[in-house]
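What follows is the residue order along each chain.
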Amino acid sequence: MSKPTLHGPGFSTYVRSVRITLAEKGVEYDFNEFNFLEGWPDGYEKLHPFMKVPAFEHDGLALYETPAILVYINAAFDGPALLPEQPAMRAKTLQAVNVVDNYAYDAIITRTFIQRALVPKLGGESNEAMIEDAQGDCQRAISVLDAMVSGQDYFGGDNVSLADFHVTPVLHYASQIPEGQTLLGQAPALTAWMERMSARDSIASTVPSLG
Ligand SMILES: N[C@@H](CCC(=O)N[C@@H](CS)C(=O)NCC(=O)O)C(=O)O
């Protein structure tokens, strides 16, 4: 089987989810790393018509949308099974993925982390009103995720799954800023889960650097 290629920047939470999954499966891949803040590779719209990252290619298959890429990697390569078989647990893992995509990412990353950490790094001024306005949604997302992992080791139950790899990059960035630290301090199950996750090689080897 040929090596897949992953396109996107290492700092992207979604790209990191794919990198973690590839590492967990023991899959070697080519990483076409670029920073879209400095410009997009020529022809990138052919890989991703909505101009987002990541994009993924393998054996003539071109994919975008992170959950689809993760499901493909899990099914196409050898290595540990990364989705539970049991129907309720499988549904719960997909629910966690959707909580990230539909509720957590916008509040935690777009409206809080980017404003608090990235905008000043790029020489701009944080939009404090936007950050303040997002905190209710951040709080709801973090407390929901805390409840989902409460009483179990991972989002899919006893074994690590794609859901854990989808949630980790977003909460890693939350843990880097005061707003996120406060909310995670009120989420004991999620904090314990983050500690379990950070001990994994796939997580430690993909920690992003914002320069
Ligand atoms: N639904 C997409 C979301 C991907 C996404 O939002 N990626 C962000 C970076 S983490 C991005 O490409 N941002 C670039 C932009 O919006 O210009 C997926 O699942 O892959």
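The shown structure was predicted, so the numbers you read here are calculated from the model rather than taken from an experiment.

Analysis parameters
- Residues numbered from 1 in each chain as written.
- Predicted model: local features only at pLDDT ≥ 70, side-chain atom pairs only at ≥ 80, totals over all residues.
- Heavy atoms only, no water.
- Domains from an automatic or database assignment.
- Contact = heavy atoms within 4.5 Å.
- Buried area = accessible area lost by both parts, 1.4 Å probe.
- Salt bridge = Lys/Arg side-chain N within 4 Å of Asp/Glu carboxyl O.
- Polar contact = N/O pair within 3.5 Å; in protein donor to acceptor, adjacent residues only side chain to side chain.
- Helix = DSSP H or I, 4+ residues; strand = E, 2+ residues; numbered from the N terminus.

**Observations concerning the domain arrangement of the protein**
Here's step 1: Annotation of the protein at the domain level lists domain 1 (5–76) and domain 2 (87–204).
Here's step 2: Here the C-alpha centre of domain 2 lies 21 Å away from the C-alpha centre of domain 1.
Here's step 3: In this assembly, 15 residues from domain 1 lie in contact with 15 residues from domain 2.
Here's step 4: Carbon and sulfur atoms supply 66% of the area that domain 1 and domain 2 bury against each other, a total of about 1,400 Å² over both sides.
Here's step 5: Viewed at the interface, domain 2 and domain 1 are joined by one salt bridge.
Here's step 6: A salt bridge links R200 to E24; its shortest N-O distance comes to 2.8 Å.
Here's step 7: At the surface where domain 1 touches domain 2, the tally comes to six residue pairs in polar contact (both at pLDDT 80 or more).
Here's step 8: Elements represented by at least two residues in the side of domain 1 that touches domain 2 include exactly helix 1 (13–25) and helix 3 (66–76).

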